[in-house]
Each structure stands twice: as C-alpha cells, then as structure tokens.
Amino acid sequence: MKPNRLCRWTLVFLISVMLAACGFHLRGHFDFSFATLYIDFPAGSQTARILKRQIKSMNLTEIVNNPQEAEVILSAISESKKKEVLTYSVQGRAREYSLFYILEYMVKTSQGKILVEPAKITLRRTMTYDDSEALAKENEEIMLYKDMQADMAQQILRRLASIKLMEEDKMTTSAPSTGTEPASHSTP
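Before going into details, it helps to say that this report is about the structure given with it. Source: prediction; values computed, not measured.

Here we take up the packing of helix α2 (residues 46-58) against helix α3 (residues 134-161). For the pair α2 and α3, the least separation of the axes is 9 Å and the interaxial angle reads 50 degrees. Between α2 and α3, the angle is such that the two are oblique. For the pair α2 and α3, the crossing hand works out as right-handed. Facing α2, whose interface residues are Gln46, Thr47, Ile50, Leu51, Gln54, Ile55 and Met58, α3 presents Gln149, Ala150, Met152, Ala153, Gln154, Ile156 and Leu157. Partitioned by chemical class, the residues of the contact of α2 with α3 number 9 nonpolar, 5 polar and no charged.

Counted according to the given criterion, the structure contains 2 aromatic pairs. Taking 5.1 Å as the distance between ring centres and 10 degrees as the angle between the ring planes, the aromatic pair formed by Phe32 and Phe34 counts as stacked. Here the basic side chain of Lys81 rests over the ring of Tyr145, its NZ or CZ set 4.9 Å away from the ring centre. Just above the ring of Phe100 sits the side chain of Lys82; from NZ or CZ to the centre is 5.2 Å.

With that settled, the discussion passes to a nonpolar patch on the surface. Together, Phe13, Leu14 and Val17 line one region of the surface with nonpolar side chains, adding up to about 290 Å² of accessible area. Looking at where Leu14 falls in the secondary structure, it is placed in helix α1 (residues 2-21).

Next up on the list: the pairing of strand β5 (residues 114-128). Looking at chain direction, strand β4 (residues 94-109) and β5 are connected through 12 bridges and run antiparallel. Across the sheet, the residue bridging to Tyr97 is Met127, located in β5.

With that out of the way, let us pick up unusual backbone geometry. Note: most peptide bonds trans; most residues except glycine with negative phi. The backbone of Asn59 shows a phi angle near 55 degrees, a positive value even though the residue is not glycine. Tracing the sequence through the fold places Asn59 in the loop between α2 and β2 (62-63). On the basis of relative accessibility, which here comes to 67%, the residue Asn59 falls in the exposed class.

Quick notes on the rules
- Residues numbered from 1 in each chain as written.
- Predicted model: local features only at pLDDT ≥ 70, side-chain atom pairs only at ≥ 80, totals over all residues.
- Heavy atoms only, no water.
- Axes fitted to C-alpha atoms, helices over the stretch in contact; angles between N-to-C directions.
- Helix = DSSP H or I, 4+ residues; strand = E, 2+ residues; numbered from the N terminus.
- Parallel < 35°, antiparallel > 145°, perpendicular 65-115°, else oblique.
- Left-handed = near helix turned anticlockwise from the far one by under 90°.
- Contact = heavy atoms within 4.5 Å.
- Nonpolar A, V, L, I, M, F, W, Y, C, P; charged D, E, K, R; others polar.
- Phe/Tyr/Trp six-rings, centres within 6.5 Å; stacked < 30°, edge-to-face > 60°.
- Lys NZ or Arg CZ within 6 Å of the ring centre and 35° of its normal.
- Patch = residues over 30% accessible without salt bridge, like charges linked within 9 Å, V, L, I, M, F, W, Y side chains within 5 Å.
- Areas by Shrake-Rupley, 256 points an atom, 1.4 Å probe, with all protein chains shown as cover.
- Salt bridge = Lys/Arg side-chain N within 4 Å of Asp/Glu carboxyl O.
- Pairing = 2+ DSSP bridges.
- Buried < 20%, exposed > 50% of the residue type's maximum accessible area, 1.4 Å probe, protein only.

Here's what the structure looks like:
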C-alpha cells in the first residue's frame, strides 16, 4: 500500500513541476506595472464594480477616486447591451435570441498619454426562448449578462496587465514640482 501512495505523491509532484515550468498561472492574479488606477465608467456599471473588487483583492494596485492621483486611467467610452432575435418558430415567434454586451474603452496616463487606443470588446451569448417559460428565460437573460460582465472584467484585467509603463509615465501630476530637483541626464 505504501509504494502506491509514494507513486501517487510522486505523480502529483511531477505534474506540479511541469505546470510551473510551462508558465501556467491560476486565473485571477495579475501583475500591473502601475501602482494606482482610476476607473472612469458610467455610474452603476456592474463591470466597473467587478473590476474594482478584483483589483482591490489583489492588494497590489490602489483604486483612487481622483484621476490626477492615478498613474493610469481606464475610461469607458461606451457600454451597451443588445438583444437580437436569432431564429423564429413556424408561428413567427422568437425561439432564440443573441445577447450582446459591448464595451468600448481606452487607457491613458494622468498626463494624457494614450497607453491603449480606443478598443471595442463585444461578447455574445445565445439563449433559447419559450413563451411558456417567460419568467425563467428572463432570469436566464439576467444571468447571461452578469456572466458576460464578469468575462469582460477578466478580459480588461488581462489587457491592463499587458501595459508596461516607462518611468517617465509613472510620475503623476499630483506631486508638485519644486524646480530644485537635479536634472537627470541619460546617454544612449
């Protein structure tokens, strides 16, 4: 019995080593190259709420309430939901719907330097529909939109993690310049 247990632990160890060696990381932990972030989304945005909660749970980046205090500003240009009929029954009633969640955003520094040009992410889910189950389908639609918002937040976090700030981008305008600091010269 003991050799079987040893084989099992050896197998678990080898799998763990292989996963670590291939660069596997658990979903949900992101390393940002900036310390402060301002999220400029419409009031009541579920996606913004999810983003803030996930970033705060990482304890690496601070969410600030003033864009001048932030190294990076994430701005939503537009956020919308859309529902289209995908198929009809023989009686002319909707049988399937396509649900869309669309977010257009951009990322810039507090000085206005654009880090991510305006980009659009469109998520789509398909939902069957039956008039006899209208209430259940209404709840399913709400759940599908919540799922898309959570997925959208994950995609934005991955894109924020890919941003690499230069040292000159990390300076915020909240620090007053005294004019007495020595100038740093760099030679190529």
